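Residue-level structure breakdown
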Amino acid sequence: MFLGFSVGVLFLGALISALFYRINSPKFHGSLAFLTSAVALYFLNLTFFEFIKAGEFSWHLPLFRWIRDFINLDLIFKANGLNLFFALFGAYVSVGINLYAIKYMTHEKEGFGRFYAFIQLFIGSYLGLTLSENLFWSYVFFELTGLCSYQLIAFWYQSDLSSFSAKKAFLMTHIAGYGFLLGALVFTLSPDPKVYQDLILAGVLIAVLAKSVQWPLYTWIPYAMNAPTPVSALLHAACLVKCGVYLLFKFYLLLGGFPEFWKNLLIYLGMFSSLMGVLFALKQADVKKLLAYHTVSQIGYMVSGIGLGTSLGLASSLFHTLNHALFKGLLFLVAGILQQATHTRDLSLMGGLASKLPKTTVLYLIGAASISGIPGFNGFVSKWMFYQAAIEANHPLAAALGLFISTLTTLSFIKVLDTAFLGKLDEKNKQLSEKPFYLMITGGIILAIPCVVFGLFPQIAITFLINPALSLLNLREVNISFYQLPTVLIGALFILFLGLGILIYFTWLKPKEIIKETEVFKGGEDEPVFNPTADDFVADIENRLANFYKKADPDQYLLKICSFIEGLILKVYTTVKKLEQIWSKPC
Amino acid sequence: MLKALAPFLPVIYMAITLLCGVFYLRDFNKKLMVFLCLVVLTFSNLFLIWGETSYGLFFDGISVIALLTLFWVLGYKEAFKILGVVETSYLVLLILGKTIFAHTPEGIVLLVIAFFLKLAVFPLFLWLPIVVKTIDAVTAGFFICIFEIIDFVLLWRTVEQASCFPQFFESLREFSLYIGIITLLLGAGLALFEKNLKKLLAYATIDDTGYLLIGLSLFSPVSLYGTVILWINHVISKLGLFFIAYRIEKNTSVISLGKAKGLAKDYPGLAFSFLVFALTLIGVPIFPGFWGKLFLYQEVLKLSKALFGLMVLGGCLTLVYFIRAYHSLFLGEKEPETVNPPLPKLDLVLVMLLSFTIVLGCLIIGF
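Residues numbered from 1 in each chain as written. Chains lettered and ligands numbered in written order. Predicted model: local features only at pLDDT ≥ 70, side-chain atom pairs only at ≥ 80, totals over all residues.

This part covers the overall build of chain B. Summing up its helical and strand segments, chain B has 15 helices and 0 strands in all. Here the C-alpha atoms of chain B give a radius of gyration of 20 Å, agreeing with the 21 Å that 2.2 N^0.38 yields for 367 residues. Taken across its 367 residues, chain B has 56% of its residues classed as buried. Contacts in chain B between residues at least 24 apart in sequence constitute 76% of all its contacts with a sequence separation of at least 6. (Helix = DSSP H or I, 4+ residues; strand = E, 2+ residues; numbered from the N terminus. Rg over C-alpha atoms; globule rule 2.2 N^0.38 Å. Buried ≥ 20, exposed ≤ 12 C-beta atoms within 10 Å, placed from the backbone. Contact = placed C-beta atoms within 7 Å.)

Written as structure tokens, this is what we have:
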């Protein structure tokens, strides 16, 4: 019953927000959304504990009774390892982001009912998708998430850019979504779906490429950044883009694994998307667009991990899915704080913000270290698992590519650190205070804590969240260790020595002034050399990779295909127009 | 199934007449004549819906005269001429099919052609956009919706009659299926390039008729369920869209896409209604149109993957033209010179149609 409640409460919240749209209060609607998402998380936790205690169970709602003889459209939510994994992290992240949004949205003047109705509808639909056992309802929820994304991107509907961005996102994801419908219909109608597995997988893959922003259908996501930041964090970093990844796992379960061809395709398509994403991210000066391209890049690891087809490969994919939701959500929240503090998303117009926004800087560092795969943070563990799985599955090239992409990711986030947080503080930011952003920072902390906890103690996530999913997929459970040492011991040692270091600093080094702060030796260089802006980075990269950027954007090729189809239809249209004129003349 | 629907169709018909009647009584001249035409039209059409009688031809004739009179009274001379040609051809085919060739496959072919003509099915669709372009949006919505109800009922009955000739019935079904696919693609393709909102809705009607024809030609329980959902959904939503077109035309004097822009700021209710009607016609979950299309997709996929692909292509085109129209009319920066001062935000009529759509969706899921 709690399964149904967890989704139902969010739909109810959405309905209340929609009905009371005239109450133009960000606090009313924001608190309602926070409350409903927290209640949904609570119900899911109850479900999870029940699942741990008693195993799988489901909740059944008979629908469409009049047509049951021909097609089964009952709504069935099932608590199993895979469904609960995706649902739990989605609900958790949404709580943090909804808390953040309460403050963030106070900058707006209107549209709170609309905004929060769609936010709650989105979370409910995402949970519905991940919990649904009936493929038709999975499709319904899958498309509902897209519809919410469309409406939320168009939040500032009076802007031409928002309107265009929403249109592009909806058209690309909805059209590709027909692939999922094809897969679901063929799977349901075939007595033996294995016979048609190529057709099913082809359909599903198209839907996945668009929804989970993989090459070549990722081009809507940079435009989607014209939405309010909580939308970017919740939909375009944490949950919506994971719907495709969930579908791959779902069909892996339904088909009992993928054939060799599809596995190889997924491995290298994922890595290729990842490479493209990070290369485009490198040249971005807009902080949200930069993060959007990193979403493309990071989801590549997940897709590739599924393609590996081994326990460790799928575990790495699951773990990275969880981690990405946390650190990318966190990074977007930081980007939102930067945007509200400096009134710009352009990194070139920022600088030296660490001195004014120290807590935000710490949050950024946690997010950046996690995404870059720095040891001690969650991203490191899942990436390590991926490299190991790729080498074990005899795909060393994928491992090498993964490592190379991770290096470029680090470079990209060093650029952000250097240009936004370090260096010289801009004159107009001298009066900046972090105090107004405390609620937003609290939302960020909710996401930052697990980044560190799962980085130091990954076994918690592996044992309770990932292994149950692997068992469901008929794969052996995994256990992670570095240098034959249990991760719990490594984590404990890390905390012990970090604590020891801090103790030494405060009790001995600082009081005795052993460490002295001096001016940095510049070697006679001019100061601007030490204050590079994002533009300096971008110009350098753009110059070096000019040809690549010119030819690698898939939009130009997609547009050519669309223009070709349009040209054909135009010919028919022109002919019909002529016929219409002939027909209407005698009258 | 058609018999089971018999009590509901007159209610829907009456609702359409009442809703349009509100506009006619409020905004149009020659109210008495218009009222009389509507009464006669309703009277004759309800008889046609109710069941097959020996007076069918008589009521068909009365219905044609009443509609043409309505056009004449409202002063739509050009549309009157074109519709006159269409209705005369229709009556001739009907008389031939029901008298000289009665109860023969040839007679059924003549009747099917007559209904295809009225439903604006390929290749007999050219008249519809021309007529719609030259008349007001309320009248366009009214006559399109009543044609869709009456003539689709009559077509359904004719197809049922054809089942007495098994071999002919199979050929007719196959023929209708392909005609349905072509109609769907053609309607959607033409709507894609149409700038005039009323004409776009006319092409969208042709597009939707294609779906109805496909559902009818498959003639399985699931496809017929799907067809009924799409049919009712189409009538309600299309009428709603024509009402919206009427409001825009009346208040901005611009009905061309790309000229009026950013209307959502002044007319949020219209924008919301347009979006809901468009989404249900596109077949976006969880709107009623989705369930109808889902049933059809399932049945078509059982038959042929290629036809399924063509239907999906049609669905994609529908999505593109409706979303393009929505964005170009309602979203983006407002152009102040094209918009008059704001009017009532959401008409009661639109609220009723929106409620119908939602109730239909709930009924489908929970019934």
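Our focus in this paragraph is the overall build of chain A. A count of helices and strands for chain A gives 22 helices and 4 strands. Taken over C-alpha atoms, the radius of gyration comes to 25 Å for chain A, in line with the 25 Å a tight globule of 587 residues would show. In terms of its C-alpha atoms, chain A occupies a principal-axis envelope of roughly 95 × 65 × 55 Å. Here chain A holds 587 residues, and 53% of them are scored as buried. Sequence-distant contacts, at least 24 apart, represent 80% of the contacts inside chain A between residues at least 6 apart.

Further remarks concern the nonpolar core. Grouped together as the largest cluster of nonpolar side chains are 338 residues, with contacts concentrated most on Val93, Ala315 and Leu330 of chain A together with Phe242, Ala245 and Phe274 of chain B. Formed jointly, this core draws a minimum of three residues from each of two domains, domain 1 (1-256) and domain 2 (267-510) of chain A. If we ignore the near neighbours within four places in the chain, the residues touching Phe242 of chain B are Ala137, Val138, Ala140, Gly141 and Leu201 of chain B. (Core = buried A, V, L, I, M, F, W, Y, C linked by C-beta atoms within 7 Å. Domains from an automatic or database assignment.)

Residues and elements named next belong to chain A. Looking at the element boundaries, Cys451 is found in helix α17 (residues 438-456). A count of 24 C-beta atoms within 10 Å places Cys451 in the buried class. Note: C-alpha distance between Cys451 and Gly367 (84 residues apart in sequence) is 7.6 Å. Every residue in contact with Cys451, bar those within four places of it in the chain, is listed here: Leu326, Phe327, Leu330, Ile366, Gly367, Ser370, Phe377 and Asn378.

Time to look at the pairing of strand β2 (residues 75-79) of chain A. Residues and elements named next belong to chain A. Alternating positions in β2 separate cleanly, Leu75, Phe77 and Ala79 being buried on one face and Ile76 and Lys78 remaining unburied on the opposite face. Two strands pair when backbone bridges link them, and strand β1 (residues 57-61) and β2 are joined in this way by 5 bridges, in the antiparallel orientation. From the neighbouring strand, Ser58 faces β2, where its bridge partner is Lys78. (Pairing = 2+ DSSP bridges.)

Once that is clear, we can look at the interface of chain A and chain B. Contacts between chain A and chain B engage 36 residues on the former and 38 residues on the latter. Within the residue set of the side of chain A that touches chain B, elements represented by two or more residues are α5 (135-153), α6 (160-189) and α22 (554-584) of chain A. Counting residues per element, the side of chain A that touches chain B draws most heavily on α6 of chain A, at 11 residues. By residue class, the composition of the side of chain A that touches chain B is 27 nonpolar, 5 polar and 4 charged. (Nonpolar A, V, L, I, M, F, W, Y, C, P; charged D, E, K, R; others polar.)

All names here are of chain A. Packing of helix α11 (residues 260-282) against helix α12 (residues 287-308) leaves a shortest axis separation of 7 Å and a crossing angle of 165°. With respect to α12, the element α11 is oriented roughly antiparallel. The interaxial crossing formed by α11 with α12 has left-handed handedness. Considered class by class, the residues forming the contact of α11 with α12 number 15 nonpolar, 10 polar and 1 charged. (Axes fitted to C-alpha atoms, helices over the stretch in contact; angles between N-to-C directions. Parallel < 35°, antiparallel > 145°, perpendicular 65-115°, else oblique. Left-handed = near helix turned anticlockwise from the far one by under 90°.)

The subject of this paragraph is the domain arrangement of chain A. All names here are of chain A. Domain boundaries assigned for chain A yield domain 1 (1-256), domain 2 (267-510) and domain 3 (553-584). Taking the mean C-alpha position of each, domain 1 and domain 2 sit 24 Å from one another. Every contact between the two is made by 36 residues of domain 1 and, on the other side, 42 residues of domain 2. Among the secondary structure elements, those contributing two or more residues to the side of domain 1 that touches domain 2 are α3 (81-104), α8 (221-224), α9 (229-238) and α10 (242-255). Tallying contributions element by element places α3 first for the side of domain 1 that touches domain 2, with 13 residues. Split by residue class, the side of domain 1 that touches domain 2 holds 25 nonpolar, 9 polar and 2 charged.

Relative to the elements of secondary structure, Tyr24 of chain B occurs in helix α2 (residues 8-27). As a C-alpha pair, Tyr24 of chain B and Val138 of chain B span 114 residues in sequence and 8.3 Å in three-dimensional space.

The next thing to look at is the packing of α22 of chain A against helix α7 (residues 127-134) of chain B. The description of two helices packed together rests on the angle between their axes and the distance between the axes. Following both chains from N to C, one finds α22 of chain A and α7 of chain B inclined at 70°, their axes separated by 9 Å at the closest point. Taken together, α22 of chain A and α7 of chain B sit at an angle that is classed as roughly perpendicular. Crossing hand, α22 of chain A versus α7 of chain B: right-handed. Within the contact between the two elements, α22 of chain A uses Glu580, Trp583 and Ser584 of chain A and α7 of chain B uses Trp127, Pro129 and Ile130 of chain B. Classifying every residue of the contact of α22 of chain A with α7 of chain B by side-chain character gives 4 nonpolar, 1 polar and 1 charged.

This part covers unusual backbone geometry. Here the bond from Phe122 of chain B into Pro123 of chain B is cis, since omega is 0°, no more than 30 degrees from zero. A cis amide bond links Pro285 of chain B to the next residue, Ile286 of chain B, at an omega of 10°. For Ile286 of chain B, the position within the fold is in the loop between α12 (268-282) and α13 (288-303). One non-glycine residue, His343 of chain A, adopts positive backbone phi at about 60°. Position of His343 of chain A relative to the elements: it lies in the loop between α13 (311-342) and α14 (358-372).

Residues and elements named next belong to chain A. Counted residue by residue, α9 has 10 buried out of 10 residues, so it is predominantly covered. What α9 keeps buried is the set Thr229, Pro230, Val231, Ser232, Ala233, Leu234, Leu235, His236, Ala237 and Ala238. Lining the buried residues of α9 we find α3, α4 (112-131), α5, α8, α12 and α13.

Residues and elements named next belong to chain A. Note that Met105 resides in the loop between α3 and α4. For Met105, a count of 22 C-beta atoms within 10 Å gives the class buried. Expressed as a C-alpha distance, the spacing of Met105 and Gly30, which sit 75 residues apart in the sequence, is 8.2 Å. Aside from chain neighbours lying at most four places away, what touches Met105 is Pro26, Gly30, Phe112 and Phe115.

Here we come to helix α2 (residues 26-54) of chain A. Owing to its 3.6 residues per turn, the α-helix brings residues three or four apart onto one side. When the terminal C-alpha atoms of α2 of chain A are compared, their 41 Å separation across 29 residues agrees well with the 42 Å that a helix rising 1.5 Å per residue should span. Of the residues trailing α2 of chain A, Gly55 of chain A is marked for its positive phi of about 85°. (Expected span 1.5 Å × (residues − 1).)

All names here are of chain B. Looking at chain B as a whole, its pLDDT mean stands at 90, while 96% of the residues score no less than 70. Element-level mean pLDDT values for chain B span from 76 in helix α1 (residues 2-5) up to 96 in helix α10 (residues 197-218). The ipTM, which scores confidence in the relative placement of chains, is 0.93 for this predicted complex, and the corresponding pTM is 0.94. (pLDDT = per-residue confidence, 0-100.)

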